[in-house]
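# Examination of the molecular architecture
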Amino acid sequence: MTRDPGEDAIGTIRRDGRSGPFFDGAAEGRLVLRRCEACGQWFAPDAAGCPDCGTDELTWAEATGEAVLVSWAVAHSRTGHTAPLALVELAEGPWMYARLDGVAGPHEGLPLRASFVHPDDGESYPVFKERRR
Amino acid sequence: MADSTTDTAIAGLGMTELGKVYGHSPRRLAADAVRAAAEDAGLALADLDGLIVSSGMSGSPGIELARTLGLRDLRLLTHMNSYGATAVAMVSHATAMIQSGAASTVACVFADAPLEPERNSGSAYHRDEKEWHGVGGLQAALGFRSVNAFYALATRRHMERYGTTSEQLGAIAVATRAWAQGNPLAQMREPISLRDHQESRWVVEPLHLLDCCLVSNGGIAVIVTSAERARDLARPPVHVWGWAQGHPGHRLTRGSDFGLTTGAALSGPAAMKMAGVTTAEIDVCQIYDCYTFTVLVTLEDYGFCAKGEGGPFAASGALGPGGTLPVNTGGGQLSAYYMWGMTPLSEAVIQARGHGGDRQAPRNDVVLVSGNGGILDHHATLIVSPHAKGRP
Ligand SMILES: [Zn+2]
């Protein structure tokens, strides 16, 4: 396995039948996650169900957008583009794969906050910036 | 506990041409590998009463392979998938079925053909689209387009937590390539230095190109039978001493030890307990090496060094030729060929038989094999020996 693009131009994001509330939230600058009403656990926006309750009926709920950095990586394309990738832990508990934006010195536990990109074409989406007090 | 009459052994090993071998489907490669394994054991295909077929990246032949091979009256026929852990899991399942009396002589096979002549190797597993759909599509659009990104995150987490360095990972790449020089079947045999590793291009930082495995076409099969029967066959038996699996079920949520501890921590001690050995008695390791990091974290989880000490352990030179713990003596998936868990398993059989030639490890009484699948989600461990179990 020897190639990852990591292009700066990421292409156009379209919603599918399962992601409407997530992208509606992103368009309004809100991070919307999945939550299990039965047990109160939060899940990443692509979660299909709650493994503890067994339910596949998760609701959508607005998160604070605060997070800390778990791990990070930089994808390199053969054309020289790079993409700062991250695994972040949201304040509500779940981890999410995301992009960093403008983080100069990433380290485990770095406080982050969701910020939103609104492309001309396609859906808005979150990226994570350093959260300063 | 099984007695000696139901202990099992690997009696045959069949390998097709491996690497940039074009024009054959996985089904054809799998059939060729099973035929070669039976011939290696001195068996006819009609002697098989069990067949286990692994999944692969490019489409598995599935249980239809039995029809391709014209196998009749099988008592065991199934398809298994735990990704890179499948090879060891197949041998374990064959062993359990033989011990139960359900089958006596079982072929376990993996074949894959992800490489196409006109494409570069990376593109075999990578997607490139202009328009992406849903949250999963967003993730891919952002740059999570192959497993490289996820292993890079795992690697970085270990580096951050334990101080593991790229140079320490490079020591694994260098040691593995040094072993590959003794393997005529290895795809990459040119020696490399730590500097070569450091100067190889980034794939996904912190993973350099030389931290990543090859992509290969080909097929490999083994024949598992009772130890008693194996003694009468063509090759010296490779006795199965212990086996176990570990599937940690990491949740991507607060408190997860993703990247820090793998299923090896569960399956390694269990397999060693069944085999009646400790890490001190393991002579050679064949560790699943989709990335250099996988070797490092697996050795830690098995207990060859303390948690967090995998980097210094690798950098000490222990793993290469002349080291205290020979690891991936055939060049592994980093330098030899990428056949999922069949890469470490095939080299374990070769080493246990003493057929390693220039790369034969100085001692081979106890050989450990690991398989890893998913993003460190699935693990299986096998311990084999040229000696019958309990009589080293
Ligand atoms: Zn629940």
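Here is what the cut-offs are and how they apply
Position numbers for residues start from 1 in each chain and track the written sequence from start to end. Written order determines the labels here, with chains lettered from A and ligands numbered from 1. In keeping with the model being predicted, local features are shown solely for residues with a pLDDT of at least 70 and side-chain atom pairs are shown and tallied solely at 80 or more, while totals for entire chains, interfaces and linings include all residues. Hydrogens and water are ignored here; the side-chain numbers use all heavy atoms of the structure. UniProt positions are given in the numbering used here, feature names are shortened, and annotations may be inferred rather than shown by experiment. Think of it this way: any DSSP run of H or I at least four residues long counts as a helix, any run of E at least two long counts as a strand, and we number them from the N terminus. Only buried residues count toward a nonpolar core. Its members are Ala, Val, Leu, Ile, Met, Phe, Trp, Tyr and Cys residues joined through side-chain atoms within 4.5 Å. When a residue's accessible area, from a 1.4 Å probe over protein chains only, is under 20% of the maximum for its type it is buried; when over 50% it is exposed; and in between it is partly exposed. In this entry, domain limits derive from an automatic or database-based domain assignment. Contacts are assigned to residue pairs that have any heavy atoms within 4.5 Å of one another. To estimate the expected span of a helix, subtract one from its residue number and multiply by 1.5 Å. Each metal site lists N, O and S donors within 2.8 Å (3.2 Å for Na, K and Ca). With water left out of the atoms, a site can look as if it is missing ligands. Geometry assignment treats four donors as tetrahedral when all angles are between 85 and 135 degrees, treats four as square planar and six as octahedral when opposite donors are over 155 degrees apart and all others between 65 and 115, and treats everything else as irregular. For two strands to count as paired, DSSP must find a minimum of two bridges between them.

Attention shifts here to the UniProt feature "domain: ChsH2 C-terminal OB-fold" (unreviewed entry) in chain A. Per the UniProt entry, the sites bearing "domain: ChsH2 C-terminal OB-fold" (unreviewed entry) are residues 60–117 of chain A in this numbering. When the span residues 60–117 of chain A is considered, its composition is 0% helix and 60% strand, and the gap between its end C-alpha atoms is 20 Å.

Following the UniProt record, one finds the feature "domain: Thiolase C-terminal" (unreviewed entry) at residues 245–385 of chain B. This span, residues 245–385 of chain B, is 33% helix and 14% strand, and a straight line between its end C-alpha atoms measures 19 Å.

Next up on the list: the nonpolar core. Counting 134 residues, the largest nonpolar core has Leu31 and Phe128 of chain A together with Ile10, Leu299, Leu319 and Ile383 of chain B as its most contacted members. When residues of this core are assigned to domains, at least three map to each of domain 1 (8–115) and domain 2 (147–214 + 236–386) of chain B. Excluding residues that lie within four positions of it along the chain, Leu319 of chain B makes contacts with Ile172, Ala175, Trp179, Val295, Leu299, Phe313, Ala314, Leu325, Pro326 and Val327 of chain B.

Helix length check: helix α6 (residues 166–180) of chain B, at 15 residues, gives a terminal C-alpha distance of 21 Å against a target of 21 Å (1.5 Å per residue), a fit within 8%. Residues Ser166, Gln168, Leu169, Gly170, Ala171, Ile172, Ala173, Ala175, Thr176, Arg177, Trp179 and Ala180 of chain B constitute the buried set of α6 of chain B.

All names here are of chain A. Taken together, the protein ligands of the zinc ion are Cys36 (SG), Cys39 (SG), Cys50 (SG) and Cys53 (SG), with distances of 2.3 Å. Geometry at the zinc ion is tetrahedral, judged from the four donor atoms that bind it and their angles of 104 to 117 degrees at the metal. Donor residues for the zinc ion, ordered by position in the chain, follow C-x2-C-x10-C-x2-C. Of this pair, Cys39 sits in the loop between β2 (32–35) and β3 (42–43) while Cys53 is found in the loop between β3 and β4 (59–62), placing the two residues 14 residues apart along the sequence.

Residue and element names in this part refer to chain B. For strand β9 (residues 238–246), the tally of buried residues reaches seven of nine residues, placing the bulk of the element in the interior. Bridge analysis of strand β1 (residues 8–15) against β9 gives two bridges, and the strand direction is antiparallel. Residue pairing in the sheet places Ile10 in a bridge with Val238 of β9. Across seven bridges, β9 lies against strand β12 (residues 378–385) in antiparallel orientation.

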